[in-house]
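Each chain, letter by letter, is given below.
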Amino acid sequence: MKRFRRHGQESQRDRLKQELFAFNKAMEHGFPHQPSALGYSPSLKLLAIGTRSGAIKLYGAPGVEFMGLHDENAAVTQVHFMPHQVELVTLLDDNSLHMWTLRGHNGLSELLEIGRFTLTGPPGAPPSVTRVTAVLAHSSGELLLLGTEGGHVFVVEVPGFRELEERNISLDQIASSVPDDYIGRRNLEHVEALQENPVDPDQVIIGYGRGLMVIWDLEKKLAIQHIPATQQLESVCWTEDGKYILSSHSDGSYCRWMVGGQDTNEEEKSDIPYGHFPCKAISKIVQLPTEEGPPFLLFSGGMPRASYGDRHCITVIHGKKHVALDFTSRIIDFFVIRDGPEHTGEPSALVVLVEEELVVIDLQTEGWPIIQTPYLVPLHSSAITCSHHVSTIPLKLWERIFAAGKHQNAHYSKKPWPVTGGQNLAPDPPQRDLLLTGHEDGTVRFWDASGVCLYPMYKLSTAGVFHTDADPNDNMNQGTEGEWPPFRKVGCFDPYSDDPRLGIQKIHLCKYSGYLTVAGTAGQILMLELNDEAAEQTVEAKVVDLLQGQEGFRWKGHTQLDIQEDPVMFPAGFQPFAVVQCQPPAVVTALTLHSEWKLIAFGTSHGFGLYDYQQKNSVLIKCTLNPSDQLAMEGPLSRVKSIKKSLRQSFRRIRRSRVSLRKQHVNTATKLQEANARLEAELAEMELAPVQRKIEARSSDDSFTGLVRTLYFADTFLSDSSHNTPSLWAGTNGGCVFAYMLRLPSVEHRADEPVTAQLSKEIQLMHRAPVVGIVVLDGHGAPLPEPLEVAHDLARAPDMQGSHHLLVVSEEQFKVFTLPKVSAKMKLKLTAVDGSRVRRVGMAWFGSSRTEDYGESGLLVLTNQGDVHVVSLPHVKMQVHYPCIRREDVSGIASCVFTKHGQGFYLISPSEFERFSLSTRCVVEPRCLVEAPLHSGCSNQHQSQPDGASSTHRAKHDGEDAENAAKHVMEHALLNDEKVLQEIQKSLEGDQMQVSQTHSL
């Protein structure tokens, strides 16, 4: 009977786990790492970005996002949408072509790969014959033209990827029609460009690397005009009326050629826009007409090689307006969005993909301002150094932050986002969430993390508090009057920091009071409050000596930042009113804020302190520096020396191990394995940036045992079990926990009487592993609520009747102590399973997916193996665990941040966050629909299906073609709705019946 009861309890617990926990890597936020290709569909109004890692990402209206990944680990070199369809083709640098479609499934669209193809040449032919260099998606939607390195053009039928050998254009056919004197002078080289005549789809222009351009008639299968340019060809553009061709060349020139019935020997117009000195190549050129006035001319490159060869520019010329848009990273590609349903109206926006960001320029507003992007924002405009997530923001605070950010964004265009494809069907977010990122340049950026789009709300800069080398009058957006070329800086990516000491290391925001504290690389802690108006004020500074007069230590690292003594004008938003400066000015490693008590606690590798920001006084200073911690005095600028030293020590330990093993005849394999593992860990640590390495734990037997890892405020029982008191807890890298009893004056005397702190407990963990988390559990075993959370009726008051417990999380185990006696009650060893070490912990609430009112608190844990665990409270039992981050991705593990509702974020690249969820109830993921466009002028009739199904080809009224079309629909329509598929089959069978009746007549 007991066995059956136990089995029933276990099965019930398993069902409960399924209701509470489920791992889901929902989506990615930010800008794709290492983009390599750009595409745009005017009919779908979707843009596509391919990356060097083989990813393909589609974006439409805010919230409409799709992602696919090629099986091949190869870079995407080109992306082409099939005209008026929901398919697109990608070309990889391994010369493979891939067909993707947006397939309907349960009322939503999903991106799927439906075919792949690689050109095969005749036996014995060199690879250059079939190496694809140019792709043209024909307007018929049925053909791909593939130009190759060998000069051939292959014609392929899609989506089946069937080569039409009879329609191929060989190099011999081209060479036989070109004048002998031109062929005799040079080889044609590879196919550089393929463009279709916008008014005659049977005509395409083939541009060869050496400059020759040939207009080829696909129907007649012959060349109808040759354009023998003499300069190396870079790109070709056909004007909209089909009367002229523009070509750009490697010497920085572009030419305009008239399209006629005879060969053209001389260009109608040739121009080198930026002077007679040698210029860089114009890699792409586009000319677009306007209803009234001159056309737009846009081209990339062409800068004078000697003076501005390092600039990344796109030039826009419209009448007398001439601007060279100067980007801070390499240009990948660009396109222009035009008004009108058929993409034939006025040019409205220029979309530029550069290596580190996407920039959109409004071409219809005076001054051509930038349109703010609702997604694809470069998170790494300055390198991310830390992150902080705040859930369920009150509406009033949200609106104040949004208003401050709106004032900052006044220089952006008022035009709406021009990429509007698809429908966002995701429900409205149930709550308002903020993600705060700290950056190397001393800024803190506030992101709306409530839904699919990580939208920028507000940017706080701390540099104005200090003396730096930055020029406050420097305006990046303005060029010098009369400067030639007429440069204008665009984009927000700026990887260079004026002073690395400004870097933000820790952030803590109280969502109830609006107080914010941030800490930096040079030991600076800023206290800020939200102000709706700009204000001029002097920031008070307090210097805190964490060494407490200890002798024999000399700081070898960077100096502190000098604080502005004069009043500073701060814009509306978060404004600093107090600064605490730690001495030595080491990186702040721990920070916490208690806005109800008006206290902040901070820690470095030398100790920790407590600061009263209401009275602006220091309450507590505790030095945790160990006499053997000499590395703690070197600072980040001395890390190279310490790395070399640690490597030397590691090799010496290996040699000593080998000698002693020979003498003592012990197990050599085990000792060498331990020494090599220690060396491997130090090498892995060396590969990280100095800022990121600070987050990683050091082994307790080596150095940094006094480094403060965690700080925690709690109102609990320290002296006896009948009187609760405010307290501060601190955990160090050496496994030591300090508990201080705090005495707070009454509310009426809070501004006058000092806050005092007295050491009450000191716990030394036996295993001396670094302490990474401290939590106090109330009488019900629940974590204590956040400051002011109970006062705002957003949490129940903690149970102060039952016994409180202290949960200490070290790198190796979870240990529960009773309070106030601090006697061990239970523990869970993590390292006993697979040698894992705890790297991140966080409290979360998991709601049931079936019962609205039921939920549990759990401890989220991330290990150095990249696994995430959920540990139950208060019994510290392992609930579930999932592999999340690659164990080799040390920086990704170090960047992880948990949310209060069971989600998490971590950096998968310098510019991208991966978002994951462990909760069945709280999942954020794209839910969108893209319908096939209607296009009456195309040979393919497309029906907009409710499931976003692929378009189908119209069967021609011929018996054989009808059978082929039916087969084509069966293989490639990819419609989920069986009824729709049956209707299509019936209609095709009807066509066949009509054809047979006609033949019989």
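Residues numbered from 1 in each chain as written. Predicted model: local features only at pLDDT ≥ 70, side-chain atom pairs only at ≥ 80, totals over all residues. Heavy atoms only, no water.

Trainee: Which residues make up the overall build of the chain, and what values do they have?
Mentor: Assigned secondary structure in the chain consists of 12 helices and 62 strands. Within the chain, contacts between residues at least 6 apart in sequence are counted, and of these 58% link residues at least 24 apart. (Helix = DSSP H or I, 4+ residues; strand = E, 2+ residues; numbered from the N terminus. Contact = heavy atoms within 4.5 Å.)

Trainee: Tell me about the environment of Thr756, and name the residues and values.
Mentor: With respect to the secondary-structure elements, Thr756 resides in strand S50 (residues 756-764). Apart from the residues lying within four places of it in its own chain, the contact partners of Thr756 are Val619, Met741, Leu742 and Arg743.

Trainee: Mind laying out the environment of Gly107, listing which residues take part and the relevant values?
Mentor: Note that Gly107 resides in the loop between strand S8 (97-105) and strand S9 (108-117). By relative accessible area, which is 25% here, Gly107 ends up partly exposed. Here the alpha-carbon distance between Gly107 and Arg927, two residues 820 residues apart in the chain, equals 9.4 Å. (Buried < 20%, exposed > 50% of the residue type's maximum accessible area, 1.4 Å probe, protein only.)

Trainee: Give a description of the nonpolar core that names residues and reports values.
Mentor: Of all hydrophobic cores here, the largest spans 34 residues; its most connected members are Ile401, Leu434, Leu436, Phe446, Leu516 and Phe574. Element by element, the count of residues in this core is highest for helix H5 (residues 395-408), at 4 residues. Apart from residues no more than four positions distant in its own chain, Phe446 is found in contact with Ile401, Leu434, Leu435, Leu436, Tyr455, Pro456, Met457, Tyr458, Leu460, Leu509, Leu516 and Phe574. Counting 33 residues, the second-largest nonpolar core is a separate cluster that includes Ala714, Leu765, Leu777 and Leu828. (Core = buried A, V, L, I, M, F, W, Y, C linked by side-chain atoms within 4.5 Å.)

Trainee: Would you mind going over the packing of aromatic side chains in detail, with residue names and values included?
Mentor: Enumeration over the complete set of coordinates arrives at 24 aromatic pairs. Consider the rings of Trp597 and Phe713, whose centres lie 5.8 Å apart with planes at 85 degrees: the pair is edge-to-face. Here the residue Trp597 occupies a position in the loop between strand S43 (590-594) and strand S44 (599-603), and Phe713 occupies one in strand S47 (residues 708-717), the gap between them amounting to 116 residues. Accessibility assignment for this pair places Trp597 and Phe713 in one class, buried. We note Arg256 situated over the ring of Tyr244; from NZ or CZ to the ring centre the distance is 4.8 Å. The cationic tip of Lys284 hangs over the ring face of Phe334; the distance from NZ or CZ to the ring centre is 4.8 Å. (Phe/Tyr/Trp six-rings, centres within 6.5 Å; stacked < 30°, edge-to-face > 60°. Lys NZ or Arg CZ within 6 Å of the ring centre and 35° of its normal.)

Trainee: Go over the sheet that holds strand S18 (residues 233-238), please, and point to the residues and values.
Mentor: Each strand in a sheet pairs with another by means of backbone hydrogen bonds, the pair being arranged parallel or else antiparallel. Across the sheet, 4 strands lie side by side as S18-S19-S20-S21; this open sheet has antiparallel pairing. The open sheet has two edge strands with one neighbour each: S18 and strand S21 (269-271). Neighbouring strand axes in the sheet, compared pairwise and without regard to direction, differ in orientation by 15 degrees on average. With 5 bridges joining them, S18 and strand S19 (residues 244-249) adopt antiparallel strand pairing. Bridging across to S19, Leu233 finds its partner in His249. (Pairing = 2+ DSSP bridges. Axes fitted to C-alpha atoms, helices over the stretch in contact; angles between N-to-C directions.)

Trainee: I'd love a proper account of the pattern of salt bridges, names of residues and values included.
Mentor: Per the stated rule, a full pass over the model turns up 26 salt bridges. Between Glu113 and Arg116 there is a salt bridge, with the nearest N and O atoms lying 3.1 Å from each other. On the basis of relative accessible area, Glu113 is assigned to the partly exposed category, the value being 24%. A residue is classified by how much of its surface remains accessible, and Arg116, at 42% relative accessible area, is partly exposed. Here Glu888 ties to Arg886 by a salt bridge, and the two come within 3.6 Å at their closest N and O atoms. In this pair, the class of Glu888 matches that of Arg886, namely exposed. When salt bridges that share partners are traced, they join Arg709, Glu811, Glu812, Arg837 and Arg839 into one network. (Salt bridge = Lys/Arg side-chain N within 4 Å of Asp/Glu carboxyl O.)

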